[in-house]
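If you want the building blocks of each chain, they are given just below.
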Amino acid sequence: MDIISDLKIDINKEIYQTAFTHTSYANEHRTQSYERLEYLGDAVLELIMSEYLYLNTEEEEGQMTKLRSHYVCENALYEYSLKLKLNEYLLLGKGESENGGKIRKAIVADIFEAFIGALFLDKGIETVKNFIYKYIIPIIENNEIDFFDDYKSLLQELVQTDKRSLEYSVVDEEGPAHNKTFTVIVKIDDVTYGKGTAHSKKEAEQMAARDALSRCQYKC
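Residues numbered from 1 in each chain as written. Predicted model: local features only at pLDDT ≥ 70, side-chain atom pairs only at ≥ 80, totals over all residues. Heavy atoms only, no water.

Engineer: I'd like to hear about a negative patch on the surface, residue by residue, with values.
Structural biologist: Together, Glu58, Glu59, Glu60 and Glu61 make up a negatively charged patch on the protein surface. Note on placement: Glu61 falls in helix α5 (residues 61–71). (Patch = residues over 30% accessible without salt bridge, like charges linked within 9 Å, V, L, I, M, F, W, Y side chains within 5 Å. Areas by Shrake-Rupley, 256 points an atom, 1.4 Å probe, with all protein chains shown as cover. Salt bridge = Lys/Arg side-chain N within 4 Å of Asp/Glu carboxyl O. Lys, Arg positive; Asp, Glu negative; His and termini not counted. Charge placed at Lys NZ, Arg CZ, Asp CG, Glu CD. Helix = DSSP H or I, 4+ residues; strand = E, 2+ residues; numbered from the N terminus.)

Shown next as structure tokens:
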């Protein structure tokens, strides 16, 4: 999907180029990065998602807040960007490009918000809303991605029910200091239930917890 062509947006416009410009590229070429647009896009996205939940659900305030947080969390934004192939437009510095910046979760998630900020400034709130309802809401309503991002808390709750022990351990580290990959296992009562690999220990632990839950080896 070429989202830029579909929206009839000229990718050479300065505002959209800025939306896809990482700080590493900006520093090398003395130009602006996407950070300010990301800030704006975050607020615009939260507003539209809030309105969507208010108009399309009967949930109470607390539950709407919880749902919104799942729909705009880093994992969700990362998936939206990948599905729309926004990462293909990324401008990265040499080092970041060589180290896989175009698939790095934090960067790919950031440019979704930056793109929303650029679209808002260029076309206005109604165009952004139409974009969200056309491309993002179907992903949500069709359950195309897993929006739950705190697997450790859920696993902890299940384990505490039976007062069992829960332990995460790093079993492998690979790569240079600036781009390490960690592999973590999670044990319940000294039995391994899940394994996860990611660029941070925290995310690897989440992946291990998710693996344990998905395998259904532990039953509450």
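Engineer: So what about the pattern of salt bridges? Which residues, and what values?
Structural biologist: Per the stated rule, a full pass over the model turns up nine salt bridges. Close ionic contact of Arg104 with Glu96 constitutes a salt bridge, the shortest N to O distance being 2.9 Å. By sharing partners, the salt bridges in this structure join Lys13, Asp122 and Lys123 into a single network.

Engineer: Describe the sheet that holds strand β1 (residues 166–174), with residues and values.
Structural biologist: By definition, the strands of a sheet pair up through backbone hydrogen bonds, in either a parallel or an antiparallel sense. Read across the sheet, three strands follow the order β1-β2-β3 without closing on themselves; strand pairing throughout is antiparallel. Sheet topology places β1 and β3 (191–198) at the edges, where each strand pairs with a single neighbour. This sheet shows a mean twist of 20° between the axes of neighbouring strands, independent of strand direction. Alignment of strand β2 (residues 181–188) against β3, held across seven bridges, turns out to be antiparallel. The partner of Phe182 across the bridge, within β3, is Ala198. (Pairing = 2+ DSSP bridges. Axes fitted to C-alpha atoms, helices over the stretch in contact; angles between N-to-C directions.)

Engineer: How would you explain the side chain of Thr183 if you had to name every residue and give the values?
Structural biologist: Its location among the elements puts Thr183 in strand β2. Accessibility expressed as a relative area gives 9% for Thr183, which makes it buried. A polar atom in the side chain of Thr183 sits 3.0 Å from the side chain of Thr197. In this structure, Thr183 is in contact with Ser169, Val170, Val171, Asp172, Lys195, Gly196 and Thr197, ignoring residues within four places of it in sequence. (Buried < 20%, exposed > 50% of the residue type's maximum accessible area, 1.4 Å probe, protein only. Polar contact = N/O pair within 3.5 Å; in protein donor to acceptor, adjacent residues only side chain to side chain. Contact = heavy atoms within 4.5 Å.)

Engineer: So what about the packing of aromatic side chains? Which residues, and what values?
Structural biologist: With the rule as written, the count across this model stands at eight aromatic pairs. Judged by centre distance (6.2 Å) and plane angle (45°), the rings of Tyr16 and Phe115 are tilted. Taken together, the residues Tyr16 in helix α2 (residues 14–19) and Phe115 in helix α8 (residues 105–123) connect sequence positions 99 residues apart. Plain terms: the ring middles of Phe131 and Tyr135 are 5.2 Å apart, the flat faces sit at 45° to each other, and that makes the pair tilted. (Phe/Tyr/Trp six-rings, centres within 6.5 Å; stacked < 30°, edge-to-face > 60°.)

Engineer: Give a description of α8 that names residues and reports values.
Structural biologist: Taking 1.5 Å of rise per residue, the 19 residues of α8 would be expected to cover 27 Å, and the 27 Å separating its terminal C-alpha atoms lies within 8% of that figure. Taken across its 19 residues, α8 has 14 buried, putting it largely inside the fold. Immediately downstream of α8, the backbone of Gly124 shows phi near 100°, a positive value. (Expected span 1.5 Å × (residues − 1).)

Engineer: I'd like a description of the pairing of β1, backed by residues and values.
Structural biologist: Bridging between β1 and β2 involves eight bridges; their strand directions are antiparallel. Along β2, the bridge assignment pairs Glu174 with Thr181. Between β1 and β2, which pair antiparallel and follow one another directly, the connecting turn spans six residues, one of which, Gly175, has a positive phi of 95°.

Engineer: Now, about the layout of surface pockets: what can you tell me, with residues and values included?
Structural biologist: What the largest pocket holds in volume is close to 410 Å³. Around the largest pocket sit 16 residues that line it, and Glu74, Asn75, Lys105, Ser200 and Glu203 are the ones nearest its centre. Mapped onto the lining of the largest pocket, the elements with two or more residues apiece are α6 (74–84), α8, β3 and α11 (201–215). Of the residues forming the lining of the largest pocket, the biggest block, four residues, is contributed by α11. Within the lining of the largest pocket, the residues separate by chemical class into five nonpolar, five polar and six charged. (1 Å grid on protein atoms, 1.4 Å probe; cavity = no way out; pocket = protein on both sides within 12 Å on 5 of 7 lines; lining within 4 Å. Points joined across faces, edges and corners; volume = space filled by probe spheres on them. Nonpolar A, V, L, I, M, F, W, Y, C, P; charged D, E, K, R; others polar.)

Engineer: Mind laying out unusual backbone geometry, listing which residues take part and the relevant values?
Structural biologist: Positive phi values are uncommon outside glycine, yet Asp189 reaches one of about 50°. Within the secondary structure layout, Asp189 lies in the loop between β2 and β3. A positive phi angle is found at Asp190, which is not glycine, with a value near 70°. For Asp190, the position within the fold is in the loop between β2 and β3.

Geometric descriptors of this kind do not, in isolation, establish any biological role.
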